[in-house]
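Chain by chain, the residues:
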Amino acid sequence: MSKSLPRRASDQSMTTLSRLLLPPNIGHGPVAAAWETPLTEMSRREFDNLLDLADLNHVTMRGLEVFHTMMLDARDEMRADWAAAALATERSRIQNATMFLHVVCAAFAEEGYDATVMKSLDHWPDLGSDLDLFTSADPQDVIQMMKTRFRAHLAPRSWGDRLARKWNFMLPGLPEPVEVHMGRLGQTGEQFSIAASLPRRARLVQVDGFEFRVPSASDRIMVSTLQRMYRHFFFRLCDVIDSAALADGGEIDYDDLCSSARRAGIWEGVATYLMIVSDYVKKYRGSGLRLPRFVEAAARFGGSEIYFRKDFLRVPIMPQSAGLYGLQLSSLLRRRELQSSARLGLLPWLATAAMVGQKITGSDKGIW
């Protein structure tokens, strides 16, 4: 991850990206204010800030494609060329990573191991900064296969990685790490319920001429919720755009999502995640997501609690996220899922250790 942008530059760039990707629906109420400065007056430095923030938020292709089209329509050749060059560079990176992802998934299949691509392809035509896979295969078998077939080496594992049962592999010729979650999900590996059914519920998609197995829409929302509401406590702009696209396309079976999320003990977190997405979309588009009443009723808070800082949309930990954590833990205890409860109970200690490490060394590396 690159260094954070200066605060004002970051604020302006996030507003610009949001407006590019969430254009207003005419006749749907008030929306965010119009452009402070016309895009045709954007300086090279401002464009570079926009590009950096788009990269951090995994919306480079989608954001710059809109920007490029707007500049062509305005006959602004200089800024259109800036965008075209950035798009070409990013497209080359993504094509290389996608080819590697296909080869790795094919190797899993040839060895008889399931492989579901999580998160990475959710942003298409954008791609994240690593390649995420889930498998129920034995870790030692996967490690041996990755080393033998790809000459991969293992990246150092943090305490959090060990609890979450995930390994990062570095492959020659691939700048992005391949992150493989094995058998469990969640920050401490507490989510066995979602993990157990994820391969069975996966679906096939065609991406850039390759076929991949990806999670169902419900599982995509739950994985995103685990990542944003229970682990990182911030949203990337791609999370808003990706989840809104699922909802707008009618791909989410809300009854299935509710049932699955309740079994996992994260239904309130899922509902809150969707409300945050809906409120943010409404701010720019003028209309939010068409969420069922039972989703809105289960949400513990919405977009009004979210704030933008250090390049991302931040979710307050106290008391909002802490309350969701308590609900998840109590749900697991009621279901007598003692191993998962014990794992989840380690999260506050892990978070505390990460905070102490950050204060002492300036980094939580090796812990979180």
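Our subject is the structure that appears above.
Residues numbered from 1 in each chain as written. Predicted model: local features only at pLDDT ≥ 70, side-chain atom pairs only at ≥ 80, totals over all residues. Heavy atoms only, no water.

(A) The pairing of strand 6 (residues 203-207), seen in detail. Examined bridge by bridge, strand 6 and strand 7 (residues 210-214) share five bridges and lie antiparallel to one another. Note that in strand 7 the partner of Val-205 across the bridge is Phe-212. Here strand 6 folds back onto strand 7 in antiparallel fashion, the turn holding two residues, of which Asp-208 has a positive phi close to 55°. (Pairing = 2+ DSSP bridges. Helix = DSSP H or I, 4+ residues; strand = E, 2+ residues; numbered from the N terminus.)

(B) Molecular detail of the packing of helix 8 (residues 217-232) against helix 9 (residues 237-248). As a packed pair, helix 8 and helix 9 sit with axes 11 Å apart at the nearest point and diverge in direction by 155°. If you check the angle between helix 8 and helix 9, you find them roughly antiparallel. At the point where helix 8 passes helix 9, the crossing takes the left-handed sense. Counting all contacts with helix 8, which are made through Ala-217, Arg-220, Ile-221 and Arg-228, the residues of helix 9 involved are Asp-239, Asp-242, Ser-243 and Leu-246. Tallied by class, the residues present in the contact of helix 8 with helix 9 amount to three nonpolar, one polar and four charged. (Axes fitted to C-alpha atoms, helices over the stretch in contact; angles between N-to-C directions. Parallel < 35°, antiparallel > 145°, perpendicular 65-115°, else oblique. Left-handed = near helix turned anticlockwise from the far one by under 90°. Contact = heavy atoms within 4.5 Å. Nonpolar A, V, L, I, M, F, W, Y, C, P; charged D, E, K, R; others polar.)

(C) Geometry of empty space enclosed by the protein. Taken as a whole, this structure holds two cavities of 30 Å³ or more when the rule is applied. Estimated volume of the largest cavity: approximately 180 Å³. Taken together, 13 residues form the lining of the largest cavity, with Lys-119, His-181, Gly-186, Gln-227 and Arg-231 sitting closest to its centre. Taken together, the elements giving at least two residues each to the lining of the largest cavity come down to strand 5 (178-182) and helix 8. Take the lining of the largest cavity: its biggest share by element is four residues, from helix 8. Of the voids in this model, the second largest cavity is the one considered here, and its volume is about 30 Å³. Along the walls of the second largest cavity sit Met-118, Lys-119, Asp-122, Pro-215, Arg-220 and Val-223, which together make up its complete lining. Class assignment of the residues belonging to the lining of the second largest cavity gives a composition of three nonpolar, no polar and three charged. (1 Å grid on protein atoms, 1.4 Å probe; cavity = no way out; pocket = protein on both sides within 12 Å on 5 of 7 lines; lining within 4 Å. Points joined across faces, edges and corners; volume = space filled by probe spheres on them.)

(D) Fine view of the packing of aromatic side chains. Under the definition given, this model contains eight aromatic pairs. Measuring from centroid to centroid gives 6.3 Å for Phe-108 and Tyr-113, while their planes differ by 80°, and the two rings are edge-to-face. Accessibility classification places Phe-108 together with Tyr-113 in one group, the buried group. Between Phe-235 and Tyr-273, the ring centres sit 5.1 Å apart and the planes meet at 20°, which makes this aromatic pair stacked. Remark: Tyr-273 occurs in helix 11 (residues 267-285) and Phe-235 occurs in strand 8 (residues 234-235); sequence separation between them is 38 residues. The buried category is assigned to Phe-235, whose relative accessible area is 1%. Since its relative accessible area comes to 0%, Tyr-273 is described here as buried. Each residue in the set Phe-47, Phe-67 and Trp-82 is aromatic and connected to the rest through ring pairs, giving one cluster. Of note, Arg-157 hangs over the ring of Trp-167, and the distance from its end group to the ring centre comes to 3.9 Å. (Phe/Tyr/Trp six-rings, centres within 6.5 Å; stacked < 30°, edge-to-face > 60°. Buried < 20%, exposed > 50% of the residue type's maximum accessible area, 1.4 Å probe, protein only. Lys NZ or Arg CZ within 6 Å of the ring centre and 35° of its normal.)

(E) Here's a closer look at the sheet that holds strand 9 (residues 307-309). With antiparallel pairing, the three strands of this open sheet are ordered in space as 8-10-9. Two strands in the sheet have a free side with no partner beyond their single neighbour: strand 8 and strand 9. In the sheet, strand 8 pairs with strand 10 (residues 312-314) via two bridges, with the strands oriented antiparallel. Within the sheet, the bridge partner assigned to Phe-234 lies in strand 10 and is Arg-314.

(F) Seen up close, the sheet that holds strand 2 (residues 131-135). Here we have five strands laid out as an open sheet, ordered 1-2-5-4-3, and mixed in their pairing. The open sheet has two edge strands, strand 1 (116-118) and strand 3 (153-154), and neither has a second partner. Here two bridges tie strand 3 to strand 4 (residues 166-170), and the two strands are oriented antiparallel to one another. Across the sheet, the residue bridging to His-153 is Met-170, located in strand 4. Taken strand by strand, helix 4 (residues 77-110) contacts strand 1, strand 2 and strand 5, and its axis lies near 15° from that of strand 2. Packing of helix 5 (residues 139-150) onto the sheet brings it into contact with strand 2, strand 3, strand 4 and strand 5, and relative to strand 4 it is tilted by some 5°.

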